[in-house]
Structures are given as structure tokens and as C-alpha cells.
Amino acid sequence: MARIVGGVGCSHIPAIGAAADRGMENDAYFKPLFDGYGPARDWIKTLNPDVVILVYNDHASAFSVELVNTFVLGVADDYEPHDEGYGPRPVPIVEGHAELSAHILECLVLDEFDMALANEMTVDHGLTVPLTVMYDKPAAWPVRVVPLCVNVIKYPQPTGNRCFKLGQALRRAVASYPDDLRVVVFGTGGMSHQLQGERAGLINRDFDTYFLDNLCDSPDVLTRLSHLEYIRDAGSEGIELIMWLMMRGALKAPAERYRFYHVPMSNTAAGLVCYEETLND
Ligand code: DHB
Ligand code: FE
């Protein structure tokens, strides 16, 4: 049977991808960040997942604002990096797992989560930067990816609680897949940041610390946060953190193996957590 063996929470700041693509990891500005990624890369190599369910958001790249779905599951064989204005990132094509995707889609819909499905889509920095963070620059990504795209850019976004419950449903779906697959769920985006308006550049270390301190063992205090609280405390784009709650919902008894937090990175606080599932059900 397939099994969820871990979870990763990870910021997706586009500058991180651009720095890696240009070989700037040892520049003074980026070195402390990339140094902090080393232990997480070692950890995931040891955990050795076959598949990543990558919970991310599209930034009006594959999906224009003409059609905004709350939750979209990718069911394709592969996903090309999107051209976000500077040409597509020079990273490997993202190999999907169409059979696992189809199974998860069926389970989620029968579990009463009304998913949209994407037979074909490109993937932007929201998906490719977390792969860079965890896997550096391989010739081919060492995992297959099931993309799960969440609307965090257009009001009304789903609640953090809804994301948590969808994570729990993901766990049920994975557990009923017959093949032996080791699955890790990535929740991406965040941490605190605001890219526009009078508060552009906002970073709230206290809020980020509160989020990181509670996510593993007391996620219920976070699932109760309202959209207004995210915007007030974490900035308008800080609401991306609801995707970390989906990752957490997919884990039953996580143990925190690594945590890293670095500010500033671009306009954003870069956070990273690695959780290992301790229940073997
Ligand atoms: C930045 C962060 C994001 O999450 C994003 O989608 C775009 C830009 C930034 O900090 O520059
Ligand atoms: Fe973003």
C-alpha cells in the first residue's frame, strides 16, 4: 500500500529559484539561505520518497483570473515549467504520476471534496522552487509529483480549516492506493510577506514563530485563524500559509526533524520544516 512518510513546509520565493538557476548560491546574500537547506536535502534523501504531493498555488500563470478554481488536482503525465516573463526556468520537466493522481481525484470527489482537474497545465515558481529547495539541481527530479493547486490569490480563498480537512482526505486516498509508494506531502508558500500597498515588505517574525511552534503539535490553534488574521499578522500574501495546513492535515503523528527560518529573502520570510510521520498505518 502507499503510505505518507513525511511532510515539508517550504517557502517558494521566486528569487531562490533565480539564484539557483544562475549559480549564485555562494553569493553573500544567498549563502546563509542555501546553507540552511543542506540538512533538509540530506533528510529527504534518507527518507527516499517515490512521490511528492505538492500543494502549491499558481500565480495567474497556468490559470488566468478568468477562471479561478479553489482546488485543482493535476492528473497529467508531466508538467512543463511556466514562462513567467524571463523564459521558463531551466529545470527538469516535472514527471507526474497519472495513475496515482486519478486515484486521489476519485477518492477526494467521493469523499465530497469538489476538485477541479487539470489534464494539462504548466507549473510556476510556486511548484518548481520548493523542488529546488529540497532537491538542488539534479538532471532529473528524483520524485514523481502530484500537483495540488490551491486558490490563495483571489478572494474568497478556502479557509485553513478546509485545507487541513482536505489534507486528512489526502491521507485516506493515499492509504487506499494498492502499490507500495512512499509519499511526502509538501505545503508551500509563505511565510509572512506582503508584496503590494502601504505595508509592502512586511515581515512578522513573531507570527511566523508562532505558526512554526504550533504546526507540528497543536495545528488546531492555526486552523482557527481567519483570513483577516492572516492578512493583519502575516501580510496579504502570508495567507499562502493555509497550504502548510493541508500538509499537516495529511500527517497523523508527525515528528519535527528540521526547522529553518531566514529573513529577509526578497520581500519574504523564508521558512522550512521537515516532519517525519511516526505512525505506520
Ligand atoms: C515573492 C514571494 C512570493 O511568494 C511570490 O509568489 C512572489 C514574490 C517575493 O518575496 O519576492
Ligand atoms: Fe507566492
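What counts and how
- Residues numbered from 1 in each chain as written.
- Chains lettered and ligands numbered in written order.
- Predicted model: local features only at pLDDT ≥ 70, side-chain atom pairs only at ≥ 80, totals over all residues.
- Heavy atoms only, no water.
- Donors = N, O, S within 2.8 Å, 3.2 Å for Na, K, Ca; no water.
- Helix = DSSP H or I, 4+ residues; strand = E, 2+ residues; numbered from the N terminus.
- Buried < 20%, exposed > 50% of the residue type's maximum accessible area, 1.4 Å probe, protein only.
- Core = buried A, V, L, I, M, F, W, Y, C linked by side-chain atoms within 4.5 Å.
- Contact = heavy atoms within 4.5 Å.
- Disulfide = S-S within 2.5 Å.
- Arc of directions from axis to C-beta.

Asker: For this particular structure, what's the right way to read the coordination of the iron ion (ligand 2)?
Answerer: By definition of the ideal shapes, a tetrahedral metal site with four donors has angles of 109.5 degrees and an octahedral site with six donors has angles of 90 or 180 degrees. Summarising the metal site, the iron ion (ligand 2) is bound by the protein donors His-12 (NE2), His-59 (NE2) and Glu-240 (OE), whose distances to it range over 2.1 to 2.2 Å. In the primary sequence, the donor residues of the iron ion (ligand 2) line up as H-x46-H-x180-E. Of this pair, His-12 sits in the loop between β1 (3–10) and α1 (14–21) while Glu-240 sits in the loop between α8 (227–234) and α9 (242–249), and the two are 228 residues apart along the sequence. Overall, His-12 belongs to the buried group, its relative accessible area being 3%.

Asker: Please explain the nonpolar core as it appears in this structure.
Answerer: Soluble globular proteins: nonpolar side chains tend toward being buried together. Ranked by size, the top nonpolar core spans 52 residues in total, and within it Ile-104 and Phe-211 carry the most contacts. Look past the residues within four positions of Ile-104 in its chain and what remains in contact with it is Ile-53, Leu-73, Val-146, Leu-170, Ala-173 and Val-174. Val-8, Trp-43, Met-134 and Leu-272 belong to the second largest nonpolar core, which has 45 residues in total.

Asker: What am I meant to see in the state of the cysteines here?
Answerer: Any covalent bond linking the sulfur atoms of two cysteines counts as a disulfide. What the rule picks out here adds up to 0 disulfides. Cys-107 takes part in no disulfide bond, and the closest cysteine sulfur, belonging to Cys-163, lies 19 Å away. Classification of Cys-107 by relative accessible area gives partly exposed; the value is 23%. The thiol of Cys-274 is not disulfide-bonded; the next cysteine sulfur, from Cys-10, is found 8.6 Å away.

Asker: Any chance you could explain α8 here in plain terms?
Answerer: Three or four residues apart is the spacing at which side chains of an α-helix point the same way, because the helix has 3.6 residues per turn. Along α8, the residues classified as buried are His-227, Tyr-230, Asp-233 and Ala-234. The buried residues of α8 occupy an angular sector of 150° when the element is viewed end-on, so they sit on one face. α8 presents Leu-228 and Arg-232 as exposed residues on the side facing more than 90 degrees away from its buried surface.

Asker: What exactly am I supposed to notice about the environment of Leu-148 here?
Answerer: Structurally, Leu-148 can be placed in strand β7 (residues 144–150). Residue Leu-148 is classed as buried on the basis of its relative accessible area, which comes to 0%. For Leu-148 and Gly-74, which are 74 residues apart along the polypeptide, the C-alpha to C-alpha distance reads 6.3 Å.

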